[in-house]
Amino acid sequence: MPKFSFQHKTSETFYYFRGKFLRFLMHALLHIRLLIRWIVLAVILGLVLGFVGAEFVKSINWSTEFRNTHIWCYALLPLGGILIIWLYRVTHDKHDKGTNMVLSSLRSEAQLPMQMAPLIFISTIITHFCGGSAGREGAALQLGGGLGNILARFVKLREKDKHILIMSGMSAAFSAIFRTPIAASIFAMEVGCVGTMQYASLVPCVVSSLTASYLATKLGLPTESYDVSTAPEISPVTALQILVLGIFCAGLSILFCIILHKTEYFMKHAIKNAYLRILIASIILILLGLLFQTTDFYGTGGAMIHKAIQGETIWYAFLLKMLFTAITLGGGFKGGEIVPSFFVGATFGCLFGQITGLSPSLCAGVGMIALFCGVTNCPLASLFISAELFGLSYVPYCLLVIAVSYLLSGYYGLYKEQQFYYSKFTDEHIHHKTRE
């Protein structure tokens, strides 16, 4: 019978725990190394996009102010449109798919061209200078995704890590341009695949978003906010009214998406020549402005959004904005769809409040969030953006319309390459793209 050796057992125990400790230390160092890598890359991306985003917003604001004081700028719509088409042709990017290409690149189904960022920067400014009805946040996603892709190529990241840096760029650009860093961090992770979020990108998205927002503040961009009137105490009656508003906004978001997609489809198939198409779209936009004798529906329409938040609107404002935006983007001008969706939601919500007797200001703010959720299918980002724009006291109202709008908007959305991984109606996996 072998003799028991206390010294031998002690030695085995020592080596066992030393091996465990060394493996733990190695994994900890690898994770810390990964953390440091993402923080460094995210800070670089945040600083670049904070500066670029600030200059982008300043350029858009200058273009808008100049256009508002020089009425002849609207006559430049045809020339501006032709210039945009020429820029994309001369850079061999005539089949540009915009934000859809960014979302597709997150699944390695498309490669982002190096010229995407400078092209969308210049073309969006041209669109706003001439009066095209478009936003800037959709352009921010292309700008951020494009620059994130350039940085990923420069440091030679592997394909899956490149996706993370593209999302970080989207977060940083959205944050710098719209000044909602929390919502920006979540939106970039949420918008590509509805029902799933790539939490591996959480650290770089958050760091790049906060960095970009901080730098944009230092460069003189004010934080975006809306002065909504005091919210009444939530009760069964007000909750029911808000619920009805959410139902209407869900239907309106579907209508908005259908109008955008069908107008683009019709114009591309009816008018094959891109130069002729954007020329006709320009003429229609000019004629619409003359017909209604207003310039309120050109550009982002930010002034009209603030008026709606103050309780003022005209009953057909949301319909005209959808028409102006569909013709602008369908014709070939560049820009985003998110601010126009804010316009549509705010003016419709204000109208709903005027009709029902509920605070028009509150309904305008809630309508903004409901439309944003309905067209983007991003409930978490919608919730955070409501808190950042209006304050926490309005979150219960926004949460209710977000839930209703997300459910009832179905599988429609702004972005054709957005994918739904889980059903909105049952507990099951589905794999299909946005309806058109």
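Residues numbered from 1 in each chain as written. Predicted model: local features only at pLDDT ≥ 70, side-chain atom pairs only at ≥ 80, totals over all residues. Heavy atoms only, no water.

Caption draft 1: View of the pattern of salt bridges. The final tally for this structure, using the stated rule, is four salt bridges. The shortest N-O distance in the salt bridge between R158 and D161 comes to 3.1 Å. Of the residues examined, R158 reaches a relative accessible area of 60% and is grouped as exposed. One continuous salt-bridge network, built from bridges that share partners, spans R37, R158 and D161. (Salt bridge = Lys/Arg side-chain N within 4 Å of Asp/Glu carboxyl O. Buried < 20%, exposed > 50% of the residue type's maximum accessible area, 1.4 Å probe, protein only.)

Caption draft 2: A look at a nonpolar patch on the surface. Together, F24, L25, L29, I32, I36, V40, I44 and V48 make up a nonpolar patch on the protein surface, roughly 700 Å² of accessible area in all. Mapped onto the fold, L25 is located in helix α1 (residues 6–69). Residue classification places L25 among the partly exposed positions, given a relative accessible area of 35%. (Patch = residues over 30% accessible without salt bridge, like charges linked within 9 Å, V, L, I, M, F, W, Y side chains within 5 Å. Areas by Shrake-Rupley, 256 points an atom, 1.4 Å probe, with all protein chains shown as cover. Helix = DSSP H or I, 4+ residues; strand = E, 2+ residues; numbered from the N terminus.)

Caption draft 3: Broad picture of unusual backbone geometry. Although it is not a glycine, R179 sits at a positive phi angle of roughly 65 degrees. Structurally, the position occupied by R179 is in the loop between α6 (159–178) and α7 (181–190). We classify R179 as buried; its relative accessible area is 5%. Although it is not a glycine, N377 adopts a positive phi angle of roughly 60 degrees. In this structure, N377 sits in the loop between α14 (360–376) and α15 (379–390). Residue class for N377 comes out buried when judged on its relative accessible area of 1%.

Caption draft 4: Structural detail: the packing of helix α11 (residues 302–309) against α14. In contact at an axis separation of 7 Å, α11 and α14 are set at 130 degrees when each is read in the N-to-C sense. Comparing their axes, α14 and α11 come out oblique. Between α11 and α14, the contacting residues are I305, A308 and I309 on the first element and P360, S361, A364, G365 and M368 on the second. Its residues placed into classes, the contact of α11 with α14 shows six nonpolar, two polar and no charged. (Axes fitted to C-alpha atoms, helices over the stretch in contact; angles between N-to-C directions. Parallel < 35°, antiparallel > 145°, perpendicular 65-115°, else oblique. Contact = heavy atoms within 4.5 Å. Nonpolar A, V, L, I, M, F, W, Y, C, P; charged D, E, K, R; others polar.)

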